[in-house]
Amino acid sequence: MNLRHSLLALLVAVLWGLNFVAIDLGLHADGQEVPPLLFVAMRFVLVVLPLIYFIRKPDVSWKAIIGVGLFMSAGQFGLLYVALALGMPAGIASLVLQAQVLLTVLLAAGFLGERPTRRQLAGVVLGVAGLAVVAVGRSAVAPLLPLVIVLAAALSWAAGNVIARQAKAASGLGLVVWSGAVVPVPLAGLSFLVDGPDAVLGTLGDLQPVTLLSALYTAIFGSLVGYGIWNWLLARYPSSAVVPFTLLVPVVGMTAAWLVLGEVPTPAELLGGLLLLGGVATAVLTGSRRPGQRRDGALDPGLGAGLRTVEADEADDPDDAVRLAAAPGRRAGARDPDER
């Protein structure tokens, strides 16, 4: 990529890395605890409205739209926000959530029959080792429940990736907007049941500026702007040139959490994080291949499978056989850059 486009990719990594700090600040605004499921519902109201009135329904089944909405949006973010509300550090969350790459490889092998390469399997093993080290480090200083919930969020994201890949929607932006419409009502209803009407109505009646700004940031910059740039780049370059930039997301997330929230990871968490990112890099980064050489049956995971896909037989470049978009702030936002 040229310098300008590389800087755009770097900007996306920064926007997505800051997402985690924005979420944490919004959840704990001015000492008030915002119900996490209600907060997710608020975010997706901003993602969906008013765009749903101007973007056509994607040419996929309602089953696929609902599946992506439930797993990639409601499941992933509902669990992530709950984990952050329970005390999961934002920086560590940005790191652990990258396990979705490795989980996508495994789920795609099991449900789509996409055979992972040896490099990808090696990345999975290395990533699992990193997660184990992070878990040991967390257990020494804090309960493991929030960490387990973030891993469940990564699993939900990976399941949504597989559903989105199988659906092969021509308009990724249409898929994110329409699938996002699945989120607000169920999660707001769950918040009423879990947190109680008093907490929900009290939050909405006394909405703090920090919470509102957080919701706006995650919806606009994390989802719409971030994915608009990201998929514009993916339409012009091989995924192997673009996707590695998302390895910077945890770096930005952990640095921002340190500067803004005062979070300092333990040595074990840093070591495990390096191993996890090493596993992700091993699974994502492709080795050199001769022009026209293909890896038949292998999944190119990028950082979350399947928001923009083209048939491998029709791709001009082997790396373009699967266009993948994923990231910690909003994961289902692929956009067709030629769509107006």
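Residues numbered from 1 in each chain as written. Predicted model: local features only at pLDDT ≥ 70, side-chain atom pairs only at ≥ 80, totals over all residues. Heavy atoms only, no water.

The helix and strand inventory of the protein stands at 14 helices and four strands. By residue count, 55% of the 340 residues in the protein fall in the buried class. (Helix = DSSP H or I, 4+ residues; strand = E, 2+ residues; numbered from the N terminus. Buried < 20%, exposed > 50% of the residue type's maximum accessible area, 1.4 Å probe, protein only.)

Before going further, it helps to spend a moment on the pattern of salt bridges. According to the stated counting rule, one finds one salt bridge in the structure shown. Salt-bridge contacts for Glu-269 lead to Arg-138; the nearest nitrogen and oxygen are separated by 3.1 Å. Of this pair, Glu-269 sits in helix H14 (residues 267-284) while Arg-138 sits in helix H6 (residues 118-139), placing them 131 residues apart in sequence. The pair Glu-269 / Arg-138 is uniform in exposure class, with both members buried. (Salt bridge = Lys/Arg side-chain N within 4 Å of Asp/Glu carboxyl O.)

Looking at the element boundaries, Ser-214 is found in helix H11 (residues 209-234). When residues no more than four places from it in sequence are discounted, the contact partners of Ser-214 are Ala-22, Ile-23, Gly-26 and Phe-39. (Contact = heavy atoms within 4.5 Å.)

Time to look at a nonpolar patch on the surface. Taken together, the side chains of Leu-207, Leu-212, Leu-213, Leu-216, Ile-220, Phe-221 and Val-225 define a hydrophobic patch exposed on the protein surface, amounting to about 540 Å² of accessible area. Within the fold, Leu-207 resides in the loop between helix H10 (197-205) and H11. The exposure class of Leu-207 is partly exposed, given its relative accessible area of 32%. (Patch = residues over 30% accessible without salt bridge, like charges linked within 9 Å, V, L, I, M, F, W, Y side chains within 5 Å. Areas by Shrake-Rupley, 256 points an atom, 1.4 Å probe, with all protein chains shown as cover.)

A word on unusual backbone geometry. In this chain, Leu-49 is followed by Pro-50 through a cis amide linkage whose omega measures 5°. Here Pro-50 shows up in the loop between helix H2 (36-48) and helix H3 (62-85).

So, on to the environment of Gly-226. Relative to the helices and strands, Gly-226 is located in helix H11. Expressed as a C-alpha distance, the spacing of Gly-226 and Val-14, which sit 212 residues apart in the sequence, is 9.4 Å. Beyond its immediate stretch of four places on either side in the chain, Gly-226 contacts Val-12, Leu-15, Trp-16, Ile-220 and Phe-221.

What follows concerns the packing of H2 against helix H9 (residues 184-195). Angle between the axes and distance between the axes: these two values describe a pair of packed helices. Packing of H2 against H9 leaves a shortest axis separation of 8 Å and a crossing angle of 160°. On the basis of their axis angle, the class for H2 and H9 is roughly antiparallel. As H2 packs across H9, the resulting crossing turns out to be left-handed. Judged by residue contacts, Leu-37, Leu-38, Val-40, Ala-41, Phe-44 and Val-45 of H2 engage Pro-184, Leu-187, Ala-188, Leu-190 and Ser-191 from H9. Counted by class, the contact of H2 with H9 contains 10 nonpolar, one polar and no charged residues. (Axes fitted to C-alpha atoms, helices over the stretch in contact; angles between N-to-C directions. Parallel < 35°, antiparallel > 145°, perpendicular 65-115°, else oblique. Left-handed = near helix turned anticlockwise from the far one by under 90°. Nonpolar A, V, L, I, M, F, W, Y, C, P; charged D, E, K, R; others polar.)

Examined against the element boundaries, Thr-266 turns out to sit in the loop between helix H13 (248-261) and H14. In this view, Thr-266 contacts Gly-137 and Val-141; residues no more than four positions away in its chain are not counted.

On to the packing of aromatic side chains, then. By the definition in use, this model includes five aromatic pairs. Where Phe-39 meets Tyr-81, the ring centres are 5.5 Å apart and the plane angle is 65°; that geometry is what we call edge-to-face. Taken as a pair, Phe-39 in helix H2 and Tyr-81 in helix H3 lie far apart in primary sequence, 42 residues in all. Given a relative accessible area of 0%, Tyr-81 falls into the buried group. One aromatic cluster is present, formed by Phe-39, Phe-44, Phe-77 and Tyr-81 through successive ring pairs. A cation sits over an aromatic face here: Arg-43 above Phe-77, 4.3 Å from the ring centre. Positioned above the aromatic ring of Trp-62 is the side chain of Lys-57, whose terminal nitrogen or guanidinium carbon lies 5.0 Å from the ring centre. (Phe/Tyr/Trp six-rings, centres within 6.5 Å; stacked < 30°, edge-to-face > 60°. Lys NZ or Arg CZ within 6 Å of the ring centre and 35° of its normal.)

Next up on the list: the environment of Arg-56. Summarising the element assignment, Arg-56 is placed in the loop between H2 and H3. Here the alpha-carbon distance between Arg-56 and Gly-174, two residues 118 residues apart in the chain, equals 6.5 Å. In contact with Arg-56, not counting residues within four places along its chain, are Gly-174 and Trp-178.

Looking now at the nonpolar core. Counting residues in each nonpolar core, the largest one holds 78 residues, and the members touching the most others are Leu-80, Tyr-81, Leu-84, Met-88, Val-96 and Leu-97. The element best represented in this core is H3, accounting for 10 residues. One finds Leu-107, Ala-108, Ala-158 and Ala-159 within the second-largest nonpolar core, a separate group that totals five residues. (Core = buried A, V, L, I, M, F, W, Y, C linked by side-chain atoms within 4.5 Å.)

Glancing now at the environment of Ser-94. Residue position: Ser-94 is located in helix H4 (residues 90-96). With 159 residues separating them along the chain, Ser-94 and Gly-253 place their C-alpha atoms 5.9 Å apart.

Once that is clear, we can look at the confidence of the model for the protein. For the protein, mean pLDDT is 80; residues scoring 70 or higher make up 81% of the total. Segment residues 288-340: pLDDT under 50, and 187 contacts once partners within four positions in sequence are set aside and those in other chains are kept. (pLDDT = per-residue confidence, 0-100.)

Turning to helix H7 (residues 145-167), a few remarks are in order. A rise of 1.5 Å per residue sets the reference length of H7, with its 23 residues, at 33 Å; its end C-alpha atoms lie 33 Å apart and thus fit the reference within 8%. Following H7 by one or two positions, Lys-168 adopts a phi angle in the positive range, close to 55°. (Expected span 1.5 Å × (residues − 1).)

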